[in-house]
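Here are the chains, one letter per residue:
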Amino acid sequence: MNGYTHIVVGGLSGAIPVAISIAEKKFGFSISAEHVYYPLIGMLPAIAGSLGPDIDLPNSKGGKAVRLFLKSSITFFGVVSLGLAVSLCFIDKLIRPVNVLFPVLAVFVLLCLVRLLLPIAKHRRGTHSGLALLIIMLPVLYIIGYMPDTALTDVLFSIWVGFCIGWVSHLFADTFNRKGVPWFYPLDNRHYHIAHIVTGSKRERTFRIFCIVVFGAVYLAILLFA
Ligand SMILES: [Zn+2]
């Protein structure tokens, strides 16, 4: 599918939690014992995540956007890590940032690794696999399992959950594409698909409209019955 379709499906997917929060009349809701997900914070990362798996295409809209997103995120997490490390040396006793430093540093290292491995990625292979999805979800599991509940961790949690929602939406959309998705790569090289839509075709445009209608019905059901 093209970048435009992925942005539409990613945005629509990220808006499902927004509909839930509107139905519950709250800005955020708990999706683990301690951590709160703020759907509005997760919206932009969901759109970025929806372009994520096409990072292996350097000249695609997604490839360019994700390279830019990676560059900005690496800079952001690098600066935050440095700031936390410096504050650890000087004001440790006041705010004890060590609990936050390691996860932020882990995300920084993960992003650097992804950037370094980019040039060897083959299209519709590793980045479109279920294995890559699991790796992308690791920081979420780490935050749920090991990070204390603070405003900063909830913001990080919301950014990363939003990014994962977008990433899943990309694989979902590509599963309707003729080329399919290698869900079980590297165990199984087969590309699975449930439709034969050709990228850039009229059927892809119909698919976008179909998604808008289906997601619209889902929002309505959430608002009426949740
Ligand atoms: Zn793709």
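Residues numbered from 1 in each chain as written. Predicted model: local features only at pLDDT ≥ 70, side-chain atom pairs only at ≥ 80, totals over all residues. Heavy atoms only, no water.

Draft legend 1. Quick peek at the overall build of the protein chain. Looking only at helices and strands, the protein chain has seven helices and two strands in total. Mapped in sequence order, the helices and strands of the protein chain form the string α-β-β-α-α-α-α-α-α. Since a compact globule built from 226 residues should have a radius of gyration of about 17 Å, the 19 Å found for the protein chain is in line with a globular shape. Judged by the C-alpha coordinates and their principal axes, the protein chain covers about 60 × 50 × 30 Å. (Helix = DSSP H or I, 4+ residues; strand = E, 2+ residues; numbered from the N terminus. Rg over C-alpha atoms; globule rule 2.2 N^0.38 Å.)

Draft legend 2. Broad picture of the pattern of salt bridges. Per the counting criterion, the structure on display carries two salt bridges. The salt bridge involving K26 is made with E24; its shortest N-O contact spans 3.9 Å. The partly exposed category is assigned to K26, whose relative accessible area is 49%. With relative accessibility at 38%, the residue E24 sits in the partly exposed group. Where D188 meets R190, a salt bridge forms, and the shortest distance between an N and an O atom there is 3.3 Å. (Salt bridge = Lys/Arg side-chain N within 4 Å of Asp/Glu carboxyl O. Buried < 20%, exposed > 50% of the residue type's maximum accessible area, 1.4 Å probe, protein only.)

Draft legend 3. Structural detail: the coordination of the zinc ion. Distances from the zinc ion to its protein donors, D54 (OD), H128 (NE2), H170 (NE2) and D174 (OD), fall within 2.1 to 2.4 Å. When the donors of the zinc ion are listed by position in the chain, the intervening gaps give D-x73-H-x41-H-x3-D. On the criterion of sequence distance, the pair formed by D54 in the loop between α2 (39-51) and α3 (61-95) and H170 in helix α6 (residues 151-174) is long-range, its members being 116 residues apart. In this structure D54 comes out as buried when scored by relative accessible area, which is 8%. Classification of H170 as buried rests on a relative accessible area of 0%. (Donors = N, O, S within 2.8 Å, 3.2 Å for Na, K, Ca; no water.)

Draft legend 4. Quick look at the environment of S13. With respect to the helices and strands, S13 occurs in helix α1 (residues 3-24). With relative accessibility at 11%, the residue S13 sits in the buried group. Between the alpha carbons of S13 and G166 there is a distance of 6.9 Å; along the sequence they are 153 residues apart. When neighbours within four sequence positions are excluded, S13 is seen to be in contact with I165, S169 and F215. (Contact = heavy atoms within 4.5 Å.)

Draft legend 5. Broad picture of the packing of α1 against helix α7 (residues 202-225). The N-to-C vectors of α1 and α7 enclose an angle of 5°; their axes lie 9 Å apart at closest approach. Classified by the interaxial angle, the pair formed by α1 and α7 is roughly parallel. In contact with Y4, T5, V8, V9, L12, S13, A15, I16, A19, I20, I22 and A23 of α1, α7 contributes E204, F207, R208, C211, I212, F215, V218, Y219, I222 and L223. Its residues placed into classes, the contact of α1 with α7 shows 18 nonpolar, two polar and two charged. (Axes fitted to C-alpha atoms, helices over the stretch in contact; angles between N-to-C directions. Parallel < 35°, antiparallel > 145°, perpendicular 65-115°, else oblique. Nonpolar A, V, L, I, M, F, W, Y, C, P; charged D, E, K, R; others polar.)

Draft legend 6. Up close: the state of the cysteines. Under the definition given, this model contains zero disulfides. A disulfide-free cysteine, C164 has its sulfur positioned 18 Å from the sulfur of C112, the nearest such atom. Judged by its relative accessible area of 7%, C164 is buried. Cysteine C211 is unpaired, with the sulfur of C164 as its nearest cysteine sulfur at 20 Å. (Disulfide = S-S within 2.5 Å.)

Draft legend 7. How the structure looks around the layout of surface pockets. Within this model, the second largest pocket holds a volume of roughly 170 Å³. At the level of elements, α4 (98-117), α5 (130-146) and α6 are the ones that each hand at least two residues to the lining of the second largest pocket. Looking at the lining of the second largest pocket element by element, the count peaks at five residues for α4. Partitioning the lining of the second largest pocket into residue classes produces 14 nonpolar, no polar and no charged. (1 Å grid on protein atoms, 1.4 Å probe; cavity = no way out; pocket = protein on both sides within 12 Å on 5 of 7 lines; lining within 4 Å. Points joined across faces, edges and corners; volume = space filled by probe spheres on them.)

Draft legend 8. Just the environment of F90, in detail. Inspection of the secondary structure assignment puts F90 in helix α3. Sequence separation between F90 and I144 is 54 residues; the distance between their C-alpha atoms is 28 Å.

Draft legend 9. Molecular detail of the confidence of the model for the protein chain. Per-residue pLDDT for the protein chain has a mean of 86; in total, 93% of the residues score no lower than 70. The secondary structure element of the protein chain with the lowest average pLDDT is α3, at 79, and the one with the highest is α7, at 95. (pLDDT = per-residue confidence, 0-100.)

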